[in-house]
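Structural overview for review
What follows is each chain in one-letter form.
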Amino acid sequence: MKSKAAILFEVGAGLEVREVEVQDPGPGEVRIRMVAGGVCHSDLHVMTGHLEAPVPAILGHEGAGIVADVGRGVTSVKPGDPVIPLWRLSCGSCEYCTGGRPALCAAGTQIRWSGRLADGTSRFKCDGHEIRHFAGVSSFSNYTVVPEDAVLKIPEDLPLERAALLGCAVITGVGAVFNAARVRPGSTVAVFGTGGVGVNVVQGAAIAGAEKIIAVDRLESRLDAARRFGATHTVDATAGDPVAQIRDSTAGKGVDYAFEVVGLPALMRQAYESLAKRGMAVVVGLIPTSAEVTVPALPLIYEERVLTGSLYGSAAPKTDIPKLIDLYRAGRLKLDELLTRSYPIEDINEAYAALESGGTLRSVVTF
Ligand SMILES: [Zn+2]
Ligand SMILES: [Zn+2]
């Protein structure tokens, strides 16, 4: 089947919208007609080489669509079902899957680093050449093929352009608050980087009942967004040391939780340095492949500080995303406010330029 898709042929070269051939779904696979693909920073990190991924590849790891057809043995979804693809494949039976941490399943690692499905091949071709999958999703294609285990059926009445954002931005941010940090009511929180995922950390902290939520960013537009999602204080990172500003607004104590949502070692250190005693810093931003982080070691013991990370919201997406949908319906989770624009797939590079400059919080491409 022919499909329009945004392909990264070479790191640094931007995306090219081309016609690709999408093969039929194999056994245990699902072909989805994507309706919306989320414009997330992680794809940009791949485009710039900040994050490694096999290329040429169809990028996009967040989206929503309708099941077009299914391969042999697929039972959980059928043609016509609205679905979200999940960017971390899980087998459902290993110790991590059964222990509530499916993002750590080896099946997801294999598909992420090979860009190929479980049988070692890709379902995409362009001009007769293999094009790899990205994160097992490739939502920047009108049609994509994903393993059944990476598909979540969603309610029929959810607008797909908004539902798309549940699959990465929302679950990654809110999940980090609830599953990785387990933010307690009345606590203090700092969030470094308040783009599409960062504002979801902010709103997760607000839902969890944090008393003080300090947003840190270099862009006024992102600090404004953070206020709309529940930040009680903002720190302009261009106006002096953010750590000092955070300590100032916490009577010198520091915060109970700090989230780094950019993926920069310097900010991970700042997050750690802004902690109170027994505080926890959680790295959510995807880190450059070769990055290392250095922090003063003494507070690990004398203040019992914790530095950790969170992959895919440390969540069990198949049970957690339906709970997020309930929160949205109850008016407690902001989703409509998160989507600031939609672009035709042809304008995807423009969509990324707007994301980078802070002109959009979260946008989607449509087909
Ligand atoms: Zn993402
Ligand atoms: Zn598993």
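Before reading on, note that the structure itself is shown above.
This section reports on the structure supplied with the text. In this text the structure is predicted, and so the values were computed from the model without any measurement.

**With respect to the sheet that holds strand β12 (residues 212-217)**
- The strand order across the open sheet built from six strands is β13-β12-β11-β14-β15-β16, with neighbouring strands paired in parallel fashion. A strand with exactly one partner marks an edge of an open sheet, and here the two such strands are β13 (233-236) and β16 (306-309). Strand-to-strand, the axes of this sheet are offset by a mean angle of 20°, without reference to chain direction.
- Bridging between β12 and β13 involves four bridges; their strand directions are parallel. When the bridges of β13 are listed, Ala-215 appears paired with Thr-234.
- Against the sheet, helix α6 (residues 198-207) touches β11 (188-192), β12 and β14 (255-260), its axis set at about 170° to β11.

**Focus: the coordination of the zinc ion (ligand 2)**
- Ligation of the zinc ion (ligand 2) by protein atoms is provided by Cys-91 (SG), Cys-94 (SG), Cys-97 (SG) and Cys-105 (SG), these donors lying 2.3 to 2.4 Å from the ion.
- Coordination geometry of the zinc ion (ligand 2): the four donor atoms subtend angles of 106 to 114° at the metal centre, consistent with an arrangement described as tetrahedral.
- Counting along the primary sequence, the residues that act as donors to the zinc ion (ligand 2) give the motif C-x2-C-x2-C-x7-C. Placement of the pair is Cys-94 in the loop between β6 (82-85) and α2 (95-98) and Cys-105 in the loop between α2 and α3 (106-114), with a sequence separation of 11 residues.
- Overall, the relative accessible area of 22% leaves Cys-94 in the partly exposed class.

**Looking at helix α7 (residues 220-228)**
- Within α7, burial applies to Arg-222, Leu-223, Ala-225 and Ala-226. Seen from one end, α7 has its buried residues packed into an arc of 155°, which puts them on one side.
- Packed against the buried residues of α7 are α1 (41-48), α6, β12, β13 and α12 (348-356).
- A positive phi of about 120° marks Gly-230, the residue just after α7.

**With respect to the side chain of Glu-148**
- Relative to the elements of secondary structure, Glu-148 occurs in the loop between β9 (143-147) and β10 (151-153).
- A distance of 3.0 Å separates a polar side-chain atom of Glu-148 from the backbone nitrogen of Thr-75.
- Contact partners of Glu-148, with chain neighbours within four places excluded, come to Gly-28, Glu-29, Val-30, Gly-73, Val-74, Thr-75, Ser-76, Val-77 and Lys-318.

**Observations concerning unusual backbone geometry**
- Of the consecutive residues Val-55 and Pro-56, the connecting peptide bond is found in the cis state with omega at 0°.
- Position of Pro-56 among the secondary structure elements: in the loop between α1 and β4 (57-58).
- For Asp-127, which is not a glycine, the phi torsion comes out positive at approximately 50°.
- Structurally, the position occupied by Asp-127 is in the loop between β7 (124-126) and β8 (129-131).
- A positive phi angle, near 50°, is found at Ser-138, a position not held by glycine.
- Assignment of secondary structure puts Ser-138 in the loop between β8 and β9.
- Judged by relative accessible area, which is 0%, Ser-138 ranks as buried.

**Structural notes on helix α9 (residues 265-273)**
- Turning to α9, its buried residues number three or more, namely Leu-267, Met-268, Gln-270, Ala-271 and Tyr-272.
- Among the structural elements, β11, α8 (242-248), β14, β15 (275-283), α10 (298-302) and β16 are those in contact with the buried residues of α9.

**Some details on the sheet that holds strand β1 (residues 2-8)**
- Here we have five strands laid out as an open sheet, ordered β4-β1-β2-β7-β8, and antiparallel in their pairing. Looking along the sheet, the strands with just one partner apiece sit at the ends: β4 and β8.
- In this sheet, β4 lies alongside β1 in antiparallel orientation, the contact comprising two bridges. Across the sheet, the residue bridging to Leu-8 is Ala-57, located in β4.

**Remarks on the packing of helix α5 (residues 169-181) against α6**
- Between α5 and α6, whose axes approach to 7 Å, the crossing angle comes to 45°. By the criterion of interaxial angle, the relationship of α5 to α6 is oblique. Seen from above, α5 lies across α6 with right-handed handedness. Contacts between α5 and α6 involve Ala-169, Val-170, Gly-173, Val-174, Val-177 and Phe-178 from the first element and Asn-200, Val-201, Gln-203, Gly-204, Ala-205 and Ile-207 from the second.
- Its residues placed into classes, the contact of α5 with α6 shows eight nonpolar, four polar and no charged.

**Regarding the pattern of salt bridges**
- Tallied over the full model, the rule gives 23 salt bridges.
- The shortest N-O distance in the salt bridge between Asp-224 and Arg-227 comes to 2.5 Å. You can see Asp-224 and its partner Arg-227 sitting in helix α7, three residues apart, about one turn around the helix.
- By relative accessible area, Asp-224 is classed as partly exposed at 34%.

**Here's the deal with the packing of aromatic side chains**
- With the rule as written, the count across this model stands at two aromatic pairs.
- Geometrically, the ring pair formed by Trp-87 and Tyr-312 is stacked, given 4.0 Å between the ring centres and 15° between the ring planes. Taken together, the positions of Trp-87 in the loop between β6 and α2 and Tyr-312 in the loop between β16 and α11 (317-329) put the pair 225 residues apart, joining distant regions of the chain. Comparing Trp-87 with Tyr-312, the two get one shared label, buried.
- Relative to Tyr-352, the ring of Phe-140 has its centre 6.3 Å away and its plane inclined at 70°; by these criteria the two rings are edge-to-face. Of this pair, Phe-140 sits in the loop between β8 and β9 while Tyr-352 sits in helix α12, and the two are 212 residues apart along the sequence.
- For Phe-140, a relative accessible area of 0% puts it in the buried group.
- With relative accessibility at 2%, the residue Tyr-352 sits in the buried group.
- Over the face of the ring belonging to Trp-113 we find Arg-112, whose NZ or CZ atom lies 4.3 Å from the ring centre.
- We note Arg-305 situated over the ring of Tyr-272; from NZ or CZ to the ring centre the distance is 5.3 Å.

Criteria and thresholds
- Residues numbered from 1 in each chain as written.
- Chains lettered and ligands numbered in written order.
- Predicted model: local features only at pLDDT ≥ 70, side-chain atom pairs only at ≥ 80, totals over all residues.
- Heavy atoms only, no water.
- Pairing = 2+ DSSP bridges.
- Helix = DSSP H or I, 4+ residues; strand = E, 2+ residues; numbered from the N terminus.
- Axes fitted to C-alpha atoms, helices over the stretch in contact; angles between N-to-C directions.
- Contact = heavy atoms within 4.5 Å.
- Donors = N, O, S within 2.8 Å, 3.2 Å for Na, K, Ca; no water.
- Tetrahedral: all angles 85-135°; square planar, octahedral: opposite > 155°, others 65-115°.
- Buried < 20%, exposed > 50% of the residue type's maximum accessible area, 1.4 Å probe, protein only.
- Arc of directions from axis to C-beta.
- Polar contact = N/O pair within 3.5 Å; in protein donor to acceptor, adjacent residues only side chain to side chain.
- Parallel < 35°, antiparallel > 145°, perpendicular 65-115°, else oblique.
- Left-handed = near helix turned anticlockwise from the far one by under 90°.
- Nonpolar A, V, L, I, M, F, W, Y, C, P; charged D, E, K, R; others polar.
- Salt bridge = Lys/Arg side-chain N within 4 Å of Asp/Glu carboxyl O.
- Phe/Tyr/Trp six-rings, centres within 6.5 Å; stacked < 30°, edge-to-face > 60°.
- Lys NZ or Arg CZ within 6 Å of the ring centre and 35° of its normal.

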